[in-house]
Amino acid sequence: MKTSMVQTSRKRSRSGASKARTSKTRQKSVNPPKTESSVLTPGKKAPNFSLNSTPDQKVALSDFLGQPVILAFYPADWSPVCTDQLSLYAEIMPEFKKHNAELLAISVDNIWSHLAFSKDRKLNFPVLADFEPKGTVSRKYGAFKEAIGESARALFVIDDKGVIRWSHLSPDGVNPGADGILRALENLNQPVQTN
Amino acid sequence: MATTAKAVTRRAGSTRKTRLETAEQREIDNPRLAVPVDPGRDHVQGPPTATLTLVEYGDYQCPFCGAAYPEVKKAQKELGSNLRFVFRNFPLTRMHEFALNAAETAEAASAQGKFWEMHDFLYEHQSTLGDPSVALEFAKKLGLDTKKFQSELSQHKYQSRVKEDFDGGVRSGVNGTPTFYVNGVRHEGEATAKDLVKALQAK
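The paragraphs below set out a description of the structure included in this document. Source: prediction; values computed, not measured.

1. Here's the deal with the overall build of chain A
1) Next: Counting its regular elements, chain A contains six helices and nine strands.
2) Next: Relative to its full complement of 195 residues, chain A shows a buried share of 58%.
3) Next: Residue pairs in contact within chain A that sit at least 24 positions apart in sequence constitute 69% of those at least 6 positions apart.
4) Next: About 8,500 Å² of surface is accessible on chain A, with carbon and sulfur atoms providing 54% of the total.

Right under this line is the structure:
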């Protein structure tokens, strides 16, 4: 059942991403996404943002300077693949914490959906709403799919100085798991690689 | 990483597309079993000489694993002595409150040589996992030393083993339950006998 949903979403999101992109007016990003593989790469400064985690609380990336941050952009609350991915991260949280890392999940769903989703899945990290203007932060990271209006399934590991040290864009519908994140966290004490 | 990047062509439905892919990206998108099968430690069904190996990371309370359970049986029947099946624990404890206890229950039965009997029983009685007396009754029926069985469960003697399975799964790219590895590579198809057999036999 899990995999049949995967295939559905794969099909759905294959259609003309680049065509739809040209007609958008809200695009303010420094590095506009041109292809699916345009997520920000290691060595770049992670763009700061401030998004709601609850109706009256905001979380900013800059709040976490001095510790590693994992950003997990995902397409939507409630869809089965994401549910697996974020539930898995909740389960693996103790491993992330061993690296003093904070995990922030981001999608374009609104805060009420996030709150219900987070409660239902017993998530133990902030789930941020990139809701208004829709997808602004996702775009800054090259992790927005214009054709379907959702964040891409993209992961970033940011070091204690706010520099992206690892990024990964998953193929549509594929849940990336956590091994890449853990490897990236382990590699944080190595010198920054620039591309 | 970017220095090892090369353009590869991927099939996407009927169209072909090119994108940059690094060695690391390939590894994450097509993960491999990070912890090799160890017959001395793993729960293995099928002969050591089997040419095909199926590894499952499963959670006894997960409905998808429950649905996959008879499919694995079918695949085993079809492939006979050509297949070796390995089960490892991957309890999603935040989602499934009884999953960890169930995993420990199977391990406690394993300590007395009855892993597969208990494994099968738990999957066949998923709705009773919240009531430990059901598995205990079955342990009695299996002829287990229930005093030892119960004391090991209350001391969580096998929790560290379950955690080891879980950690190995995370490093192998387990991304939900069940996750199967077909001859060492993560299975991206359906968890059905048909898909599993097809993947196992593909060369």
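Alright, that's what it looks like, and here's the rest.
2. A short note on the nonpolar core
1) Next: Ranked by size, the top nonpolar core spans 41 residues in total, and within it Leu 54, Tyr 60, Phe 87, Met 118, Leu 122, Phe 149 and Leu 200 of chain B carry the most contacts.
2) Next: Ignoring any residue separated from it by four or fewer positions in sequence, one finds Tyr 60 of chain B in contact with Phe 87, Asn 89, Ala 102, Ala 103, Ala 106, Phe 115, His 119, Leu 122, Tyr 123, Gln 126 and Leu 129 of chain B.
3) Next: One finds Ala 178 and Leu 185 of chain A together with Phe 90 and Val 174 of chain B within the second-largest nonpolar core, a separate group that totals 37 residues.

3. Observations regarding the environment of Ala 199 of chain B
Residue and element names in this part refer to chain B.
1) Next: The residue Ala 199 is located in helix 8 (residues 193–201) in this model.
2) Next: Put simply, Ala 199 and Val 182 are 17 residues apart on the chain and 6.8 Å apart in space, counted from C-alpha to C-alpha.
3) Next: When sequence neighbours within four positions are dropped, the list of residues in contact with Ala 199 reads Val 182 and His 187.

4. Brief notes about the sheet that holds strand 4 (residues 52–58) of chain B
Residue and element names in this part refer to chain B.
1) Next: Spatial ordering of the open sheet is given by 3-5-4-6-7, a layout of five strands whose pairing is mixed. Each having just a single partner strand, strand 3 (43–45) and strand 7 (185–186) make up the two edges of the open sheet.
2) Next: Strand direction decides the pairing type here: strand 4 and strand 5 (residues 83–89), joined by seven bridges, are parallel. Bridge pairing links Tyr 57 to Arg 88 in strand 5.
3) Next: Of the strands in this sheet, strand 3, strand 4 and strand 5 touch helix 4 (residues 115–124), which is tilted by about 70° from strand 5.

5. Quick look at the side chain of Glu 107 of chain B
Residue and element names in this part refer to chain B.
1) Next: Here Glu 107 shows up in helix 3 (residues 99–110).
2) Next: On the basis of relative accessible area, Glu 107 is assigned to the buried category, the value being 3%.
3) Next: Look past the residues within four positions of Glu 107 in its chain and what remains in contact with it is His 43, Asn 89, Phe 115, Tyr 158, Arg 161 and Val 162.

6. Some details on helix 4 of chain B
1) Next: With eight of its 10 residues buried, helix 4 of chain B lies for the most part within the structure.
2) Next: All of the buried residues in helix 4 of chain B are Phe 115, Trp 116, Met 118, His 119, Asp 120, Phe 121, Leu 122 and Tyr 123 of chain B.

7. Here's the deal with the packing of aromatic side chains
1) Next: In total, this model carries 18 aromatic pairs over all chains according to the counting rule given.
2) Next: Between Tyr 74 of chain A and Phe 117 of chain A the ring centres are 6.3 Å apart and the planes differ by 25°, which places this aromatic pair in the stacked class. With Tyr 74 of chain A in the loop between strand 3 (69–73) and helix 3 (80–98) and Phe 117 of chain A in helix 4 (residues 111–120), the pair connects residues that are 43 residues apart, well separated along the chain. Pair check on accessibility: Tyr 74 of chain A and Phe 117 of chain A agree, each one buried.
3) Next: Seen in terms of ring centroids, Phe 121 of chain B and Phe 138 of chain B are 4.0 Å apart; in terms of plane orientation they differ by 10°. Their pairing is stacked.

8. Describing the pattern of salt bridges
All names here are of chain B.
1) Next: Counted by the stated rule, this structure contains 21 salt bridges over all chains.
2) Next: In this structure, Glu 107 and Arg 161 form a salt bridge, with 3.1 Å as the shortest nitrogen-oxygen distance. In this pair, Glu 107 sits in helix 3 while Arg 161 sits in helix 7 (residues 159–171), placing the two residues 54 residues apart along the sequence.
3) Next: Overall, the relative accessible area of 15% leaves Arg 161 in the buried class.

9. Considering the packing of helix 5 (residues 132–141) of chain B against helix 6 (residues 146–154) of chain B
Residues and elements named next belong to chain B.
1) Next: Put simply, helix 5 and helix 6 touch, their axes get as near as 10 Å, and they point 145° apart. In the crossing of helix 5 with helix 6, the sense of the turn from one axis to the other is right-handed. Listed contacts from helix 6 to Leu 136, Ala 139 and Lys 140 of helix 5 are Thr 146, Phe 149 and Gln 150.
2) Next: A class-by-class count of the residues in the contact of helix 5 with helix 6 yields three nonpolar, two polar and one charged.

10. Brief notes about the state of the cysteines
Residues and elements named next belong to chain B.
1) Next: Tallied over the entire structure, the rule returns zero disulfides over all chains.
2) Next: Residue Cys 62 stays outside any disulfide, its sulfur separated by 3.3 Å from that of Cys 65, the closest cysteine.
3) Next: Overall, the relative accessible area of 2% leaves Cys 62 in the buried class.

11. Some remarks on the pairing of strand 2 (residues 57–60) of chain A
Residue and element names in this part refer to chain A.
1) Next: Examined bridge by bridge, strand 1 (residues 50–54) and strand 2 share four bridges and lie antiparallel to one another. Each residue of the ladder has a partner; that of Thr 54, found in strand 2, is Gln 57.
2) Next: The hairpin turn running from strand 1 into strand 2, its antiparallel successor, is two residues long.

12. Some remarks on the environment of Ile 181 of chain A
Residue and element names in this part refer to chain A.
1) Next: With respect to the helices, strands and loops of the structure, Ile 181 is situated in helix 6 (residues 179–186).
2) Next: Given a relative accessible area of 0%, Ile 181 falls into the buried group.
3) Next: Along the chain, Ile 181 and Ala 72 lie 109 residues apart, while their C-alpha atoms are 9.9 Å from each other.
4) Next: Setting aside residues up to four positions removed in sequence, Ile 181 forms contacts with Ile 70, Tyr 89, Phe 96, Leu 155, Val 157 and Trp 166.

Basis of the calculations
Residues numbered from 1 in each chain as written. Chains lettered and ligands numbered in written order. Predicted model: local features only at pLDDT ≥ 70, side-chain atom pairs only at ≥ 80, totals over all residues. Heavy atoms only, no water. Helix = DSSP H or I, 4+ residues; strand = E, 2+ residues; numbered from the N terminus. Buried < 20%, exposed > 50% of the residue type's maximum accessible area, 1.4 Å probe, protein only. Contact = heavy atoms within 4.5 Å. Areas by Shrake-Rupley, 256 points an atom, 1.4 Å probe, with all protein chains shown as cover. Core = buried A, V, L, I, M, F, W, Y, C linked by side-chain atoms within 4.5 Å. Pairing = 2+ DSSP bridges. Axes fitted to C-alpha atoms, helices over the stretch in contact; angles between N-to-C directions. Phe/Tyr/Trp six-rings, centres within 6.5 Å; stacked < 30°, edge-to-face > 60°. Salt bridge = Lys/Arg side-chain N within 4 Å of Asp/Glu carboxyl O. Left-handed = near helix turned anticlockwise from the far one by under 90°. Nonpolar A, V, L, I, M, F, W, Y, C, P; charged D, E, K, R; others polar. Disulfide = S-S within 2.5 Å.

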